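Given next are the chains, with one letter for each unit.
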Amino acid sequence: MDDPTPALPGHVIVYGAEDRLPLGPALLVASQQVTAMVVGVITPALLLSGILKFSPADTSYLVSMALVAAAVGTFLQTRRVGPIGSGLLSVTGTSFAFLPVLIQAGRLGGLPLMFGMSLATAPVQIILAPFLPRLCHLFPPLVSGIVVLLIGLSIIPEAMRGIVASPGPGAPPWAGGLIAFIVVVQVLLAHAVGKVWARLSGILLGVLAGYLACAIGGWLTPPPPAGSWLALPRVFPHGLAFRWDLLLPFAFIYFVSLLEALGDMTATTELSGLPATGPAHAKRLRAGLLADGVTSIFAAVIGSFPSTTYAQNNGVIQITGVASRHIGKWMALIMLSLGLLPAVSGWVTAMPPAVLGGMALLLFGLVSVSGIRLIVGRHLSHRNALIAALALGVGLGAPSQPEWLEHLPGIIRALLASGISAGGILAIVLNLALPGDDIRSAKCRLQSPQKSLSHQTERPRQEFDSH
């Protein structure tokens, strides 16, 4: 392209959303996109398997289907099938926001209840998409920050349990902490290098370093040989179950996921040089939300967890300058191939708990920091501090008293047992009820501060040429 399109400051588009790349560059960029997102896609399944003690066979299948669902969702988003799909270079993957409620459902009814509740509430995104402008005022940055902070803080204790667990047979008590330390240090070193490729692959390098350390220590147990060459999806492989008291917590997280996806798609729109306002943009967002809803329904049917649009691909778009949605089919093909190969999911399943714990500790620490940034914003008024204090107190305190919760009515017990739902709903109510610096009338912010891209001034054309 002789006249690349400018988008955000410091960002140059080499291939626009509707441009087509030659096969070689298309496969190269598709591989970079998959590398940037694959760890995020499989990590929720690994975390849930470690916390709820699923069998190796179930864990391997969950990892495989997470990749299959991500492939289908990415294809829908980029291909734009009828009214479904944003038509942007957007990718989908398992949503971290659902981890707390999935853990709650898993402890009450195992995989059947986890998939049953995921399927029953998946249409929330499809139903709410047309009414989004009227609903956005419920989630100003203060409320969004409280929800994000609760998501991060609720998983950090589970990450520590993985770190203190033994990484393998014969390992000394301190081995798990050492392995987690190696993982975190490798990620920090990758960021310290200052190269874009190192930052994008930091998590992957950290995981590989953890595997290597466990192998040197003799604590890495190879997976058993796969029983077949292909891991084909099955319809409702674990059955379905339902509980009315979990309906509101799951539906609430789908609403949170919906708002998260809006921010990610808006950022992708801006990076693609397309207008992020007006009817065309609104239509694009609605179609993208429909794709997320359809993907979550498909995921539940084949035995995977709810999906959402990811933000990871925006960094790759800025590095390469490639925003072409047409490479989505190659990305989907790569992820589908990885998901259908049991050998891949087998080695992922063999990840020692300390490796996963170290990675999760860092990731959810960063999630918590993002929530703090949203809460503080430009300033934290006394009113907003009161709202945050009460919402965080209830969201963190109520789930810590399971014996007390057992004596409450079903729907109240389920709501309070899910700290994210309890704290988030209380924050919404207080924000609407308390007088003061009114932020209810603020326009819907479709891009969260932590996802703002205007300050990132990488040189995508130079990076694209040099790679």
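In the block above lies the structure referred to throughout.
To start, this report covers the structure provided alongside it.

**Digging into the packing of helix α10 (residues 247–271) against helix α11 (residues 279–302)**
The packing of two helices is summarised by the inter-axis angle and the distance between the axes.
Item 1. One can describe the packing of α10 onto α11 by two numbers: an axis separation of 10 Å at closest approach and a directional angle of 130 degrees. Between α10 and α11, the angle falls in the class oblique. In this structure, α10 crosses over α11, and the sense of that crossing is right-handed. For the pair formed by α10 and α11, the contact residues are Tyr254, Leu258, Ala261, Leu262, Met265, Thr266 and Thr269 on the first element and His281, Arg284, Leu285, Gly288, Leu289, Asp292 and Ser296 on the second.
Item 2. Its residues assigned to classes, the contact of α10 with α11 comprises 7 nonpolar, 5 polar and 2 charged.

**Remarks on the pattern of salt bridges**
Opposite charge on two side chains lets them pair, provided their charged atoms get close.
Item 1. Counted by the stated rule, this structure contains 3 salt bridges.
Item 2. Measuring nitrogen to oxygen at the nearest pair gives 3.0 Å for the salt bridge that ties Glu18 to Arg325. Residue Glu18 is found in the loop between β2 (12–13) and α1 (23–52), and its partner Arg325 is found in the loop between α12 (312–320) and α13 (328–340); the two are separated by 307 residues along the sequence.
Item 3. You can call Glu18 partly exposed: its relative accessible area is 44%.
Item 4. A relative accessible area of 11% means that Arg325 is categorised as buried.
Item 5. With its nearest N and O atoms 2.8 Å apart, the salt bridge here joins Arg243 to Asp245.
Item 6. Among the ionic contacts, a cluster of salt bridges with common partners joins Glu18, Arg80 and Arg325.

**Side note on the layout of surface pockets**
Item 1. Of the voids in this model, the second largest pocket is the one considered here, and its volume is about 1000 Å³.
Item 2. Elements that contribute at least two residues to the lining of the second largest pocket include exactly α1, α2 (56–79), α6 (141–164), α14 (342–349) and α15 (353–376).
Item 3. A per-element tally of the lining of the second largest pocket places α2 first, with 7 residues.
Item 4. Of the residues belonging to the lining of the second largest pocket, the class tally is 25 nonpolar, 17 polar and 5 charged.

**Thoughts on the environment of Thr92**
Item 1. Positionally, Thr92 belongs in strand β3 (residues 92–94).
Item 2. Taking the C-alpha atoms as reference, Thr92 lies 5.3 Å from Thr308; in sequence the two are 216 residues apart.
Item 3. The contacts of Thr92, once residues within four sequence positions are left out, are Met37, Val41, Ala69, Ala70, Gly73, Thr74, Gln77, Asp292, Thr295, Thr308, Thr309 and Tyr310.
Item 4. Among the polar contacts made by the side chain of Thr92, one reaches the main-chain amide nitrogen of Thr74 at a distance of 3.3 Å.

**So, a nonpolar patch on the surface**
Item 1. Together, Trp229, Leu230, Leu232 and Leu341 line one region of the surface with nonpolar side chains, adding up to about 490 Å² of accessible area.
Item 2. Within the element layout of this structure, Trp229 appears in the loop between α9 (202–217) and α10.
Item 3. Here Trp229 falls in the exposed class, since its relative accessible area comes to 77%.

**A few points about the nonpolar core**
Item 1. Grouped together as the largest cluster of nonpolar side chains are 95 residues, with contacts concentrated most on Val41, Met114, Ile146, Phe250, Phe305 and Ile327.
Item 2. Here this core gets 15 residues from one element, more than from any other, and that element is α1.
Item 3. Excluding residues that lie within four positions of it along the chain, Val41 makes contacts with Ala66, Leu67, Ala70, Thr92, Gly93, Thr94 and Tyr310.
Item 4. By size, the runner-up hydrophobic cluster in this structure holds 10 residues, among which are Leu88, Ala129, Phe255 and Met265.

Cut-offs applied
- Note that residues are indexed from 1 along each chain, following the sequence as it is written.
- Given that this is a predicted model, residues contribute local features only at a pLDDT of at least 70 and side-chain atom pairs are listed and counted only at 80 or more, while totals for whole chains, interfaces and linings are drawn from all residues.
- Here the side-chain values reflect all heavy atoms present in the structure, with hydrogen atoms and water set aside.
- Note on geometry: axes are lines fitted to C-alpha atoms, helical ones only across the stretch in contact, with angles between N-to-C directions running from 0 to 180 degrees.
- Here a strand is any run of E in DSSP of at least two residues, a helix any run of H or I of at least four, and the numbering for each starts at the N terminus.
- Working rule for angles: under 35 degrees goes down as roughly parallel, over 145 as roughly antiparallel, 65 to 115 as roughly perpendicular, anything else as oblique.
- In this scheme the handedness of a crossing depends on how the near helix is turned from the far one: anticlockwise by less than a right angle means left-handed, clockwise means right-handed.
- Contacts are residue-level and defined by heavy atoms, with any inter-residue pair within 4.5 Å sufficient.
- Each residue receives one of three labels: charged for Asp, Glu, Lys and Arg, nonpolar for Ala, Val, Leu, Ile, Met, Phe, Trp, Tyr, Cys and Pro, and polar for the others, Gly being one of them.
- Basic side-chain nitrogens of Lys or Arg form a salt bridge, by our definition, when they fall within 4 Å of a carboxyl oxygen of Asp or Glu.
- We call a residue buried when its accessible area falls under 20% of the maximum for its residue type, exposed when it is over 50%, and partly exposed in between, using a 1.4 Å probe and counting protein chains only.
- Only protein atoms enter the 1 Å grid used here, on which a cavity is any set of points holding a 1.4 Å probe that cannot leave and a pocket is any open set flanked by protein within 12 Å on both sides along at least five of seven lines; residues with an atom within 4 Å of a point are listed as lining.
- Grid points are joined across faces, edges and corners, and a volume is the space filled by probe spheres set on the points.
- Distance and chemistry together define a polar contact, namely a pair of N or O atoms within 3.5 Å, with one atom able to donate a hydrogen and the other to accept it when in protein, and with adjacent residues in sequence counting only for side-chain atoms on both sides.
- Within the patch definition used here, like charges are joined within 9 Å and nonpolar side chains (Val, Leu, Ile, Met, Phe, Trp, Tyr) within 5 Å, considering only residues with over 30% relative accessible area and no salt bridge.
- Here, Shrake-Rupley sampling with a 1.4 Å probe gives the accessible areas, and only protein chains in the shown set may cover a residue.
- In this text, buried Ala, Val, Leu, Ile, Met, Phe, Trp, Tyr and Cys residues form a nonpolar core when linked through side-chain atoms within 4.5 Å.

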